[in-house]
Amino acid sequence: MSQFFTLSVIVSVVASGIRLATPYLLASLGETIGQRSGVLNLGVDGTMVLAAFAAYYTALKLDNLWLAVFVAFLVGLLIGVIYALITVSLHAAQGISGIGIFLFGLGFSDLLFQVWVGTPLPIPSKLPPLGIPGLSSIPQLGDALFRHNLMTYGAFLLVPVVIFLLQKTTFGMNVRAVGENPQAADSLGVSVERTRVVAILLGSSAAGLAGAALVLQGGIFQANLTNGLGFIAVAIVYFGAWRPLGAMAGSLLYGVVNAIVLQLKAQGTIPRSASDLAAMAPAVITILALVFLAGRVKAPAALTKPFTRH
Amino acid sequence: MSTMDQPDIAKSDAGSPGSGSTVPVMLEMKGITKRFPGVLANSGVDLDVREGEVHTLLGENGAGKSTLMKILFGLYRPDEGEVLYRGEKLVITSPSEAIDAGIGMVHQHFMLVPTLTVAENVALGLKSSRGVLTDLAAVSKRITEISEAHGLHVDPAVEVWRLSVGERQRVEIIKALYRNAKLLVLDEPTAVLTPQEVDDLFVILRRMTAEGRGLIFISHKLHEVMALSDRITVLRNGRVTGQTVPAETSREQLAEMMVGRAVKLTPDRPPVDAGVPRLVIRDLRVSGDRGTGAVEGVDLDVCGGEIVGIAGVSGNGQRELAEAVAGLRPTQAGSHIMLNDTDIARCDTRTRRDLGLGYVSEERMTDGAIAEFSVRENLILVDHGAEKFTKRGLLNFKAIREQSEALVKRFAVKTPSIDTPAASLSGGNIQKVILARELSAEPTVMVVAQPTRGVDIGSAEYIHSQLIAQRGVGTATLLIPEDLDEVIGLSDRIAVMFEGKVVAVIPSEEAERDKIGLLMAGVFDDESDEPAEVVAEP
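Rules of the game
Residues numbered from 1 in each chain as written. Chains lettered and ligands numbered in written order. Predicted model: local features only at pLDDT ≥ 70, side-chain atom pairs only at ≥ 80, totals over all residues. Heavy atoms only, no water. Pairing = 2+ DSSP bridges. Helix = DSSP H or I, 4+ residues; strand = E, 2+ residues; numbered from the N terminus. Contact = heavy atoms within 4.5 Å. Axes fitted to C-alpha atoms, helices over the stretch in contact; angles between N-to-C directions. Salt bridge = Lys/Arg side-chain N within 4 Å of Asp/Glu carboxyl O. Buried < 20%, exposed > 50% of the residue type's maximum accessible area, 1.4 Å probe, protein only. Expected span 1.5 Å × (residues − 1). 1 Å grid on protein atoms, 1.4 Å probe; cavity = no way out; pocket = protein on both sides within 12 Å on 5 of 7 lines; lining within 4 Å. Points joined across faces, edges and corners; volume = space filled by probe spheres on them. Nonpolar A, V, L, I, M, F, W, Y, C, P; charged D, E, K, R; others polar. Polar contact = N/O pair within 3.5 Å; in protein donor to acceptor, adjacent residues only side chain to side chain.

Asker: Looking at this model, I keep getting lost on the sheet that holds strand β2 (residues 39–50) of chain B. Mind explaining?
Answerer: Strand-to-strand pairing in sheets goes through backbone hydrogen bonds, with the strands running parallel or antiparallel. Residues and elements named next belong to chain B. Pairing in this open sheet of four strands is antiparallel, and the strands run β2-β1-β4-β5 from one edge to the other. A single partner strand is all that each edge strand has here, and the edge strands are β2 and β5 (88–89). Judged from the two bridges that link them, strand β4 (residues 80–85) and β5 form a sheet pairing that is antiparallel. Residue pairing for β5: Tyr 85 is matched across the bridge by Glu 88. The strands that helix α1 (residues 65–72) touches are β1 (25–36), β2 and β4; relative to β1, the one it contacts most, it runs at about 115°.

Asker: Where do I start with the pattern of salt bridges in this structure?
Answerer: When charged atoms on two side chains of opposite charge get close, those side chains can pair. Residues and elements named next belong to chain B. Using the criterion set out here, one finds 30 salt bridges over all chains in the structure. A salt bridge links Arg 319 to Glu 363; the nearest nitrogen and oxygen atoms lie 3.5 Å apart. A residue pair is termed long-range when its members are at least 10 positions apart, and Arg 319 in helix α9 (residues 318–326) and Glu 363 in the loop between β16 (357–360) and α11 (364–368) qualify at 44 residues. In this structure Glu 363 comes out as partly exposed when scored by relative accessible area, which is 28%. Residues joined by salt bridges that share partners form a network here, namely Arg 319, Glu 323, Arg 329, Glu 362, Glu 363 and Arg 453.

Asker: I keep staring at the pairing of strand β9 (residues 231–236) of chain B and nothing clicks. Help me out?
Answerer: Every regular strand shows the same layout, with side chains that alternate between the two sheet faces. Residue and element names in this part refer to chain B. The buried fraction of β9 is high, at five of six residues. Pairing analysis gives five bridges linking strand β3 (residues 54–59) to β9, with the strands arranged parallel. Each residue of the ladder has a partner; that of His 55, found in β9, is Arg 231. Sheet analysis places β9 next to strand β10 (residues 239–244), joined by five bridges and oriented antiparallel. Bridging across to β10, Thr 233 finds its partner in Gln 243. Linkage of β9 to β10, two consecutive antiparallel strands, is achieved through a turn of two residues, within which Asn 237 is found at a positive phi near 50°.

Asker: Can you walk me through the sheet that holds strand β7 (residues 183–187) of chain B in this structure?
Answerer: All names here are of chain B. If you trace the six strands from one edge of the open sheet to the other, you get β6-β7-β8-β3-β9-β10, paired in mixed fashion. Either end of the sheet is taken by a strand with one partner, and the two such strands are β6 (103–106) and β10. Averaged over all pairs of adjacent strands, the angle between their axes in this sheet comes to 20°, without regard to strand direction. Bridging between β6 and β7 involves four bridges; their strand directions are parallel. Within β7, the residue paired with Val 106 across the bridge is Leu 186. Packing against the sheet, helix α8 (residues 251–259) makes contact with β3, β9 and β10, and its axis sits at approximately 35° to β9.

Asker: Can you help me understand helix α9 (residues 192–218) of chain A in this one?
Answerer: Residues lying three or four places apart along an α-helix face the same way, a consequence of the helix completing one turn every 3.6 residues. Taking 1.5 Å per residue as the helical rise, α9(A) with its 27 residues ought to reach 39 Å, and the 39 Å between its terminal C-alpha atoms agrees with that figure. Just downstream of α9(A), A:Gly219 is the residue with a positive phi angle, here 90°.

Asker: Looking at this model, I keep getting lost on the layout of surface pockets. Mind explaining?
Answerer: Gaps between atoms show up when a probe of the same size as a water molecule is rolled over them. Taken as a whole, the second largest pocket spans an internal volume of roughly 830 Å³. Lining the second largest pocket are 25 residues; nearest its centre among them are A:Glu180, A:Arg243, A:Lys298, B:Thr115 and B:Trp161. For the lining of the second largest pocket, the secondary structure elements donating two or more residues are α6 (150–168) and α7 (170–180) of chain A. Here the lining of the second largest pocket is composed, by residue class, of 11 nonpolar, five polar and nine charged.

Asker: Help me understand the pairing of strand β8 (residues 214–219) of chain B in this model?
Answerer: Residues and elements named next belong to chain B. In terms of burial, β8 is largely enclosed, as six of its six residues are buried. Of the two faces of β8, both are covered, the one formed by Gly 214, Ile 216 and Ile 218 as well as the one formed by Leu 215, Phe 217 and Ser 219. The pairing of β3 with β8 spans five bridges and is parallel. Looking across to β8, one finds that Leu 57 is bridged to Ile 218. Sheet topology places β7 next to β8; five bridges connect them, and they run parallel. Paired with Leu 183 across the strands is Gly 214, a residue of β8.

Asker: Looking at this structure, how should I read the interface of chain A and chain B?
Answerer: Contact residues are listed per partner, giving 21 residues for chain A and 27 residues for chain B. Put simply, chain A and chain B have one salt bridge between them. For B:Glu120, the salt bridge identified is with A:Arg176, shortest N-O distance 2.7 Å. Scanning the region where chain A abuts chain B turns up four residue pairs in polar contact (both at pLDDT 80 or more). The set of elements that each furnish at least two residues to the side of chain A that touches chain B consists of α6, α7 and α8 (182–187) of chain A. The class makeup of the residues in the side of chain A that touches chain B is eight nonpolar, nine polar and four charged.

Any functional reading would require information beyond the geometric quantities listed.
Rendered as structure tokens:
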């Protein structure tokens, strides 16, 4: 254990924790918007893995990272359109529809991977870290906080953007209203459907970006790349009490816990045979956090409830 | 009243009773007919509203009031008939178009978002002066102007969930005024208010009519209808059964128009000698849903052959009191509920029932009955395990049938058969099923919460007569009623609850509406400054 608490190890754990938090943060910020509008999307994981494949394939073939990010965004958007159609326009139950999206993304991404790629090849170049001039040269702190890739910076910059969107814009007010009392919003001429559709599209596109961040940081694709990461992002939304700052705190927690587990494995502090146990840490944290939070925070009142006029 | 500055366009109703036919008509609904499969919801309904008047729409549940209003707000399209607004044909397809036309609605179940502030609730759906950004500062400023002009005091910056029910209603009215509603529909606006809040509301409404706004007042509380209305239109089974003015009618006549037969509004209460105390509550403390104290040290006795009614604004602990006695809500340590001399404060509901407790829940469809179950199943829901209905773990369908048929007959439950799901019965008939089940167990103590809420007058009359009959055979009844009329009409003694305490117990012959209303609002004169001594005798 002693070798864990050296300054350089701590700096590297914090740095990789922040990097690993990026996909969680993008996905949970998007899911926060969706859930605030009253729509639970359990398909985040499937959206992420399909978008991750799209980004991977684009990067593999064209070696253009920003095009890869854009393609992943489009895949997220497209799945959002499908999900919005199913749950908002057709009033399907959200829980099972999301699971359908998840299974579709999981299976379809694997199929495309088998058919188009077959053997896993790393992409020619991963997202490069970018030091922020000045700040990145601060000893230790600079390496931990200011030497990240653009998607990581972007994800964290999205936090204030989403707060502003929800609290200061008319759209955000509509989102909060339709997630709590859609009948009231509807009676005042706010289109519940349009508001929820836009919220779903934002959330699903963010899940697409999360998939891109995951694969472009890691550099390689495999079947079920996300391995439940998208479900944890949904849990983070509850954990974060449906607030962007809460989502950020939850994402950082997961990122850092993952980083610690990886570090301990790499050092051999925990035996390989126990590494599966260590990998359970995020799940255990989630359950503990949800038990602790149960009853303390209130979900949007209309969450998971399809809206119909009567 | 507004002066005559427009040509007289009120000729269409020149023959109707009432004054002021020179006042311009704002709204005319002519010959409205709306059919649903198997139901004629509106049949040739005429309704007109003049500037500056309160036009009451009176009728039972299912009489067609809400269908008519949904047509006005564009949620339904009429099969026949037309709607004219200021003489022009009005075509509305959604509530927001109604708002644009100057027609607003204050819903019975408030259309507010509790997690949003007052200003956000008002701004919702409106175009912002700052484009995509909200303009809450400007909205708040106008809310303050409106609230000062109309006596609707409320803080724009506070979240709605923090507001009292009366304040929430003010927000609803402000929402309509902010949107410049000239014609306002108020759907059962007094259902949740204290008598004093009702008085305040009526002053506010009168101020609005004085500005020339027209109001449609939907209510079934006859004394309020008599007090506030300029004109009254009564609906029954989708048809207009009468149009009148308060000066030319009476509560009894209005009830008859609503029901189609003479109705006894105040039940006869023959004198009954009070028996021994059967329900004795001492220092009852109960937590509410938010964990804070809802009932804070209540002492109360109910004797055999006595109905004790609880008067109070909803949310002052009545519900929790009833649930604690029924066993649905845990009591805090030190509380005592003596049922026929046994302390049941810690007993499960089965034990309480075996000791003679009956319970009619406020939540008819969630606590009182299982909606998907048939009438027959609901009727034996409590006793299905008893020997007469179950032998060796198997239900005895023959005995259950016989019992159900007998109860349906005895309690005059209108149902196609005993196998009909409870959910497809009317509120009044579901309530009769519940009452039949509870009374068939011959309880010695009954807790009856909101027995006639949402129940038609005919069924309410019947339910009242059953409660009175039960009193005649010596049952002790704790009643948490729908409104003051019910509490005064049925109770031998009235216990007033305020903030979790019983602040006074008044024999019904001394009950005065105004005095009770003040106590309900927490205004105590010197004499009743502290909770009155609770004594066993009525």
